[in-house]
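# Fold and contact review
The lines below spell out each chain.
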Amino acid sequence: MRRVVLGVIAVLVLAALVAVVAAWPRAEFIPARSREAWVPSPANIARGAYLARAGDCMACHTARGGTPYAGARALATPFGTVYAPNITPDRATGIGTWTADDFWHALHNGIAPGGRLLYPAFPYPNTTKITRDDADALYAYLRSLPPARQPNRAHALRFPYDSQAVLAGWRLLYFKPGVYAPQPARGTDWNRGAYLVDGLGHCGACHSARNDLGATGARLSGGAIPIVGWYAPALDADDEAGLGQWDRADIVQLLRTGVAPRGAVFGPMAEVVGQSLQYLTEADAGAMATYLKSLPPEPAPRRAGAPPPDDVMKAGRALYGHHCADCHGADGRGTSVAGKPAYPPLAGNGALTMPDPVNAIRIVLNGGFPPSTSGNPRPFGMPPHSPVLDDTEVAAVVTYVRNSWGNAAPAVTAPEVNRWRAVPLD
């Protein structure tokens, strides 16, 4: 028996070594730069500050109510909890001893100083596309921050996901480093948008479906955000959040203010706009809009199921008239105040008619606000209806708005609502 156990252990160790060795080609070791290659000048620091905003780095590297960039925010995943590290220049607990090359290898290769492989909760499959100059600017900015002494917390991942050997195998399958390569035929604006969306902004980390091992796909075709309990809609499907039919100016307005004539952001996206996208220049927001409008549409249109029962639609109509019509309009067209979008339209709103109704259910249960932004400092909000509507009533009103004014989507059931009633928002 002992020989069998030792044999199994030997096989596992050998497999781990093979995986580790095989994974090393998934890193590009570019020659080190001299210290003078990154200059912590005011201009470079300002550039890094802008890039950190554009990449929404603070969102993960700052605990609720904590010191900016000092880490400790818990990121729940299907494999356990990952704790974001301290990236202030503290020498004991942050990146104060890192060189510009160390920082570059973390962004580009997903490898920390000393060779430790980083977990892809840090989106290095996207940040690998960042140019070295931008990486150096980010490094200069982070080095300019006040050092914060906050020890990093060990990840709480389940076996075998806590193994570096398993992570090496994952990288072999799903990660290939490479700086973004511009496509000259597409033009400067499109390429800048692609760089921001697919690289620095790492939009695919949410708006792309993940497989059982947590790897994202190549398309921005939507996907459930693990553990958090929201669905990030497809950006390449006009029946979800595809922007191909939107005016470019409306996309820019949505990215920079959180509201637009055809919709508003909510849930996790409200945080992204509030902390990151509102600070984009008009040129960068426009570049993202150009790129998003160009995405090839989802080839297979989704079809609604059977029409909902008449009694459900009747109940939903009455509830909508009592709780919703004053803001969203009896015709579902939304309302404006002083010429600016206040309450988004529900008619023709792809965010309501997605096959998975989780977002519509949660916004009815919990209410919410678009983010407060410089372009929309006092957003109009929606009150929570969970205290006044039971599961059957929420299901009826969500079914009604998903199947009125030209909308068509499967009916929502009371058990679907109940599943999300007690789930926290964060």
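Residues numbered from 1 in each chain as written. Predicted model: local features only at pLDDT ≥ 70, side-chain atom pairs only at ≥ 80, totals over all residues. Heavy atoms only, no water.

Looking only at helices and strands, the protein chain features 17 helices and 9 strands. Sequence separation of 24 or more characterises 65% of the internal contacts of the protein chain that already satisfy a separation of 6 or more. (Helix = DSSP H or I, 4+ residues; strand = E, 2+ residues; numbered from the N terminus. Contact = heavy atoms within 4.5 Å.)

All told, the structure shown has 13 aromatic pairs when counted by the stated rule. Ring centres of W170 and Y174 lie 5.5 Å apart, and the angle between their planes is 55°; on these two criteria the pair is classed as tilted. Of this pair, W170 and Y174 both sit in helix α7 (residues 164-174), 4 residues apart, which is roughly one turn of the helix. On the basis of relative accessibility, which here comes to 34%, the residue Y174 falls in the partly exposed class. (Phe/Tyr/Trp six-rings, centres within 6.5 Å; stacked < 30°, edge-to-face > 60°. Buried < 20%, exposed > 50% of the residue type's maximum accessible area, 1.4 Å probe, protein only.)

So, on to the side chain of H328. Turning to its location among the elements, H328 is positioned in helix α14 (residues 325-328). Given the relative accessible area of 11%, H328 is considered buried. Leave out the neighbours within four places in its chain, and H328 touches Y320, R333, G334, Y343, P344 and L346.

Here we take up the pattern of salt bridges. One pass over the structure, following the stated rule, counts 12 salt bridges. Between E271 and R73 there is a salt bridge, with the nearest N and O atoms lying 3.3 Å from each other. Taken together, the positions of E271 in helix α11 (residues 268-275) and R73 in the loop between α3 (57-61) and β1 (74-77) put the pair 198 residues apart, joining distant regions of the chain. For R73, a relative accessible area of 13% puts it in the buried group. The partner of R192 in a salt bridge is D284, with the nearest N and O atoms 2.9 Å apart. Of this pair, R192 sits in helix α8 (residues 188-200) while D284 sits in helix α12 (residues 282-294); the two residues are 92 residues apart in sequence, bridging distant segments of the chain. Accessibility expressed as a relative area gives 7% for D284, which makes it buried. Here the salt bridges share partners, and the residues they tie into one network are R64, R73 and E271. (Salt bridge = Lys/Arg side-chain N within 4 Å of Asp/Glu carboxyl O.)

Glancing now at unusual backbone geometry. Omega for the peptide link from F159 to P160 comes to 5°, which places this bond in the cis form. One non-glycine residue, H202, lies in the positive phi region at around 40°. Counting through the fold element by element, H202 comes out in the loop between α8 and α9 (204-207). Here the phi dihedral of A338 falls at roughly 55°; this positive angle occurs in a residue that is not glycine. Inspection of the secondary structure assignment puts A338 in the loop between β8 (335-337) and β9 (340-343).

The next subject is the packing of helix α13 (residues 310-323) against helix α16 (residues 391-401). Here α13 crosses α16 at 90°, and the two axes come no closer than 7 Å. Accordingly, the angle class assigned to the pair α13 and α16 is roughly perpendicular. Contacts between α13 and α16 involve V312, M313, A315, G316, R317, L319 and Y320 from the former and E393, A396, V397, T399, Y400 and V401 from the latter. Across the contact of α13 with α16, the residue classes break down as 9 nonpolar, 2 polar and 2 charged. (Axes fitted to C-alpha atoms, helices over the stretch in contact; angles between N-to-C directions. Parallel < 35°, antiparallel > 145°, perpendicular 65-115°, else oblique. Nonpolar A, V, L, I, M, F, W, Y, C, P; charged D, E, K, R; others polar.)

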